[in-house]
Amino acid sequence: QVQLVESGGGLVQAGGSLRLSCAASGSIFSINAMGWYRQAPGKQRELVAAITSGGSTNYADSVKGRFTISRDNAKNTVYLQMNSLKPEDTAVYYCNAPRVVTTIIGYDYWGQGTQVTVSS
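No experiment lies behind these values; they were computed from the predicted model shown.

### Topic: the pattern of salt bridges
In the structure shown here, the tally under the stated rule is 4 salt bridges. A salt bridge links Lys64 to Asp61; the shortest N-O distance between them is 3.1 Å. Across the pair Asp89 and Arg66 runs a salt bridge, and its minimum N-O distance is 2.8 Å. Pair noted here: Asp89 is in the loop between β9 (77-82) and β10 (91-101) and Arg66 is in the loop between β7 (57-59) and β8 (67-72), with a separation of 23 residues, a long-range link.

So, in structure tokens, the structure goes:
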């Protein structure tokens, strides 16, 4: 069974930095894309950043130039380095793996979420 476990959230002042990690566990053969989403109170969940197994990335316009997504394929781990944080970045951040190959192909795995709070 595949599990995604996030870590690294917390409380930070505006302008500060945080680094989120998401480790996938299980008998994993390969993971295609991985991504970070966030959901603020009263808002829909939105894509923050995504990365393919080959390292291609895309970002939401609101975080371009401030956030960097990266991954370690050998560790089945994806990271989100968040710099110059703003109060509007406050949200629960979720890790997502849309397609994971084990002995079967499984789809749409999510982590439990990690809270990021940016104070002004």
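### Remarks on the state of the cysteines
A covalent bond between the sulfur atoms of two cysteines is referred to as a disulfide. All told, the structure shown has 1 disulfide when counted by the stated rule. Residue pairing for Cys22: its cysteine sulfur links by disulfide to Cys95, the two sulfurs lying 2.1 Å apart. Measuring handedness by torsion sign, the sulfur bridge of Cys22 and Cys95 sits at about -80 degrees and is left-handed. Note that Cys22 is positioned in strand β3 (residues 18-25) and Cys95 in strand β10, a separation of 73 residues in sequence. On the basis of relative accessibility, which here comes to 0%, the residue Cys95 falls in the buried class.

Conventions used here
- Residues numbered from 1 in each chain as written.
- Predicted model: local features only at pLDDT ≥ 70, side-chain atom pairs only at ≥ 80, totals over all residues.
- Heavy atoms only, no water.
- Salt bridge = Lys/Arg side-chain N within 4 Å of Asp/Glu carboxyl O.
- Helix = DSSP H or I, 4+ residues; strand = E, 2+ residues; numbered from the N terminus.
- Disulfide = S-S within 2.5 Å.
- Buried < 20%, exposed > 50% of the residue type's maximum accessible area, 1.4 Å probe, protein only.

Bear in mind that shape data such as this cannot, by itself, settle questions of function.
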